[in-house]
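Commentary on secondary and tertiary structure
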Amino acid sequence: MSKTVGSFIAPPQRELDRAELLMLVHDIAAHPEWWEYGLDEGGAERTYDALHRDANLDVWAIAWLPENDTGWHDHDMSSGAVRVVRGVLTESVLRIGGSEAFNHYPAGSAFTFAPTHIHRVTCEAGRAVSIHAYSPPLSRLGQYTVDDEGVLLRMTVTDSDELRPLDAQDLTLHA
């Protein structure tokens, strides 16, 4: 599934660290001719385009709609970087014993995360476009919800499942 995309035509034959992933998403975002054609930015739902996948790297372009929400999730074994190209994305991070922390990322900004990082990403208003890179490639993720008794629950999903908010009933259907 590899496309000819600029400087990562021949990425290193190893996993990339977070700094390398960050440089990569900035590089790709600067060249819309590499990714724009695969997105339906005016569509009625969030669209994705897989730009590259090999044994060490996974790269995606995503067009977001208002109110899109990944729900709480982790990336299992993969580190990642996200560069916002257009619009604004909001990353929420859980804080035990405190309130949720919100980080707003307008066009031109980026963030990285380790495999252990649990977050949720939303497009709260307008539309947005972002470039995502993961190393090693995503094969599975963890999605989270809180049951009626306040217990945090995790469900393993594959990279082909669309991330969305879960409720406790979703987990009982998969048990």
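A brief structural summary.

This paragraph deals with the side chain of Thr-70. Counting through the fold element by element, Thr-70 comes out in the loop between β3 (68–69) and β4 (72–74). In terms of polar contacts, Thr-70 uses its side chain to reach the side chain of His-73, at 3.3 Å. Looking at Thr-70, its side chain comes within polar contact range of the main-chain nitrogen of Val-121, at 2.9 Å.

So, on to the nonpolar core. Judged by nonpolar contacts, the single largest core of 19 residues is most densely connected at Leu-24, Ile-28, Trp-35, Leu-57, Val-59, Ile-131 and Ala-133. Of all the secondary structure elements, the ones that give two or more residues to this core are α1 (18–29), β2 (58–64), β5 (79–86) and β10 (128–135). The element best represented in this core is α1, accounting for five residues.

Moving on, we get to the pairing of β2. By the criterion of burial, β2 is predominantly enclosed, with six of the seven residues buried. Where strand β1 (residues 47–53) and β2 come together, six bridges link them in antiparallel fashion. Paired with Arg-53 across the strands is Asp-58, a residue of β2. Here β1 folds back onto β2 in antiparallel fashion, the turn holding four residues. Pairing geometry for β2 and β10, over seven bridges, is antiparallel. Its bridge partner lying in β10, Ala-61 is registered against Ile-131.

Cut-offs used in this document
Residues numbered from 1 in each chain as written. Predicted model: local features only at pLDDT ≥ 70, side-chain atom pairs only at ≥ 80, totals over all residues. Heavy atoms only, no water. Helix = DSSP H or I, 4+ residues; strand = E, 2+ residues; numbered from the N terminus. Polar contact = N/O pair within 3.5 Å; in protein donor to acceptor, adjacent residues only side chain to side chain. Core = buried A, V, L, I, M, F, W, Y, C linked by side-chain atoms within 4.5 Å. Buried < 20%, exposed > 50% of the residue type's maximum accessible area, 1.4 Å probe, protein only. Pairing = 2+ DSSP bridges.

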